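Listed here are the chains, written in short residue letters.
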Amino acid sequence: MDAAPPDLNAAFRARGYVAGEALGTALRLVTLLGRPLLLEGPAGVGKTEAAKTLADVLGTRLIRLQCYEGLDAQAALYEWNYARQLLHLRRAEATGREPSDAELYGENFLMRRPLLQAISEDVPPVLLIDEVDRADDAFEAFLLELLAEWQVTVPELGTLPARTRPHVVLTSNRARELSDALRRRCLYHWVEYPSRAQELEIVRARLPEVTAALASQVTRAVHALRELPLGKPPGVAETLDWARALSVLGHETLDAHALHTTLGAVLKLREDAQLAAPLLERQLARPE
C-alpha cells in the first residue's frame, strides 16, 4: 500500500489545499495504518476536497460514493446489465440453446458500483464515502462488514475479496448521529472552518488573479458572516466563488456596490442576505 509523503501538508498546499497539522497527520495515517478516516464538520469546510486532494497526491484514482436517503447495499455495490443479459439470452435461443446461469451472471454482465469498484482495483484508490450521515442505519450496518472484512458477497458469484485495500475517507455533516460501531472502526477528525489567515492563503493559492486587497477584504467579510446566526453559513467554496465573481467583474476591491451586486455568490438565502448586508456595509466603512 502506497503511503503519503512525509510532508503531506506541503503536498496539499502545493495543490491549493491548506490543511492543518492534525488533518494532515490523520490523512497520512489513513495510508500508513489502512484505517478509514471519518471527517466531520460543517458543510463547506473542505472535507470532500481533502479526499480529492489525497487521491491527487497519491497519484491514484478517486472513487466517490455519494450517500442519500434510501441508498441500499446493492446500489452501492453492483447491478446486472439486464439489457445485455436479455440480448444474450435471445441470441442463444435463436441458435436453439439455453444459456446457463454462469453465462448470464458472469463478469461480462456485472456492473460495478463504487464500493465494488474500490475493492477491485489493482492499485489502491481513494474511496470517498461522502455524506454518510444521509444514508440510513441499515446501510451503515452494511458498511461495518465491508470495512471490517474488505470483501463483499454477490449471490450469483460468491464472496469477492478486495484485491487491494482502498484508502477510505468518510464525510459527515452530522445530519444525524452515526453509530458508535462505525466510529470505532475509523480514525476521526473534526474539520473546522479555516482561520482567516488560512482562508486568505487558500484564496491566494487557488485564485492568483485576485488582487491581494480584494482577497483580504473577502476573507474578512466571510469571517464576519460566519459569526452571524445565518441559515446557511458560507463555506470555503463560497469564499472562492465570491472572490472569483468579483475578480471577473473587474473589481480590485470590495465596495458597497460590488457587495450588493455579488452577495448571491456567498449567501444563498434571502433572509441571510437581508441580515448580513447592513453589517458588511458597516464593516467596509471601517479600515482593516
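See the structure shown above.
Residues numbered from 1 in each chain as written. Predicted model: local features only at pLDDT ≥ 70, side-chain atom pairs only at ≥ 80, totals over all residues. Heavy atoms only, no water.

*Asks:* How should the overall build of the protein chain be read in this particular structure?
*Replies:* Looking only at helices and strands, the protein chain has 14 helices and 9 strands in total. Along the first, second and third principal axes, the C-alpha set of the protein chain runs to 85 × 45 × 35 Å. Counting the 288 residues in the protein chain, one finds 48% classified as buried. Within the protein chain, counting contacts between residues at least 6 apart in sequence, those at least 24 apart form 75% of the total. Carbon and sulfur atoms make up 51% of the accessible area of the protein chain, which amounts to about 14100 Å² in all. The protein chain carries 33 positive and 40 negative side-chain charges, and their two centres are separated by 3 Å. (Helix = DSSP H or I, 4+ residues; strand = E, 2+ residues; numbered from the N terminus. Buried < 20%, exposed > 50% of the residue type's maximum accessible area, 1.4 Å probe, protein only. Contact = heavy atoms within 4.5 Å. Areas by Shrake-Rupley, 256 points an atom, 1.4 Å probe, with all protein chains shown as cover. Lys, Arg positive; Asp, Glu negative; His and termini not counted. Charge placed at Lys NZ, Arg CZ, Asp CG, Glu CD.)

*Asks:* Sorry, what's going on with the pairing of strand β5 (residues 126–130) here?
*Replies:* The side chains of a regular strand alternate between both faces of the sheet. Of all 5 residues making up β5, 5 are buried, and the element is well covered by its neighbours. Burial of β5 is two-sided: the residues V126, L128 and D130 facing one way and the residues L127 and I129 facing the other way are all buried. Here 4 bridges tie β5 to strand β8 (residues 167–172), and the two strands are oriented parallel to one another. For I129, the partnering residue across the bridge sits in β8 and is L170. (Pairing = 2+ DSSP bridges.)

*Asks:* Before we go on, may I ask you to explain the packing of helix α10 (residues 196–206) against helix α12 (residues 236–248) in this structure?
*Replies:* A pair of packed helices is characterised by two quantities: the angle between their axes and the separation of those axes. One way to put it is that α10 packs onto α12 with a least axis distance of 10 Å and a crossing angle of 50 degrees. Our classification of the angle between α10 and α12 gives oblique. Viewed along their axes, α10 and α12 form a crossing whose handedness is right-handed. Contact residues: α10 offers E199, I202, V203 and R206, while α12 offers V236, T239, L240 and A243. Across the contact of α10 with α12, the residue classes break down as 5 nonpolar, 1 polar and 2 charged. (Axes fitted to C-alpha atoms, helices over the stretch in contact; angles between N-to-C directions. Parallel < 35°, antiparallel > 145°, perpendicular 65-115°, else oblique. Left-handed = near helix turned anticlockwise from the far one by under 90°. Nonpolar A, V, L, I, M, F, W, Y, C, P; charged D, E, K, R; others polar.)

*Asks:* Is there a simple way to think about the environment of E40 in this case?
*Replies:* Inspection of the secondary structure puts E40 in strand β1 (residues 37–40). The sequence separation of E40 and V57 amounts to 17 residues, and the corresponding C-alpha distance is 21 Å. Excluding residues that lie within four positions of it along the chain, E40 makes contacts with K47, S172, R174, L178, R183, Y188, H189, W190 and V191. At 3.0 Å, the side chain of E40 forms a polar contact with the side chain of R183. (Polar contact = N/O pair within 3.5 Å; in protein donor to acceptor, adjacent residues only side chain to side chain.)

*Asks:* Honestly, a nonpolar patch on the surface in this entry has me stumped. Any pointers?
*Replies:* On the surface, a cluster of nonpolar side chains totalling about 250 Å² of accessible area is made up of L29, L32 and L33. Residue position: L33 is located in helix α2 (residues 21–33). (Patch = residues over 30% accessible without salt bridge, like charges linked within 9 Å, V, L, I, M, F, W, Y side chains within 5 Å. Salt bridge = Lys/Arg side-chain N within 4 Å of Asp/Glu carboxyl O.)

*Asks:* Even after reading the chapter, I still don't get α10, so can you show me in this structure?
*Replies:* The periodicity of an α-helix, 3.6 residues per turn, causes residues three or four positions apart to be oriented the same way. If you check which residues of α10 are buried, you get E199, I202 and V203. Across the axial projection of α10, the buried residues extend over an arc of 95 degrees, all falling on one side. Buried residues belonging to α10 abut α11 (212–225) and α12. (Arc of directions from axis to C-beta.)

*Asks:* Just to check I follow, could you spell out the pattern of salt bridges for this structure?
*Replies:* Should their charged atoms come close, side chains of opposite charge can pair. In the structure shown here, the tally under the stated rule is 18 salt bridges. Linking R183 and E40 is a salt bridge whose minimum nitrogen-to-oxygen distance equals 3.0 Å. In this pair, R183 sits in helix α9 (residues 180–184) while E40 sits in strand β1, placing the two residues 143 residues apart along the sequence. Note that E199 is salt-bridged to R226, the shortest N-O span being 2.7 Å. Of the two residues, E199 is situated in helix α10 and R226 in the loop between α11 and α12; the sequence distance between them amounts to 27 residues. Taken as a pair, E199 and R226 share a single burial class, namely buried. One continuous salt-bridge network, built from bridges that share partners, spans E40, R174, E177 and R183.

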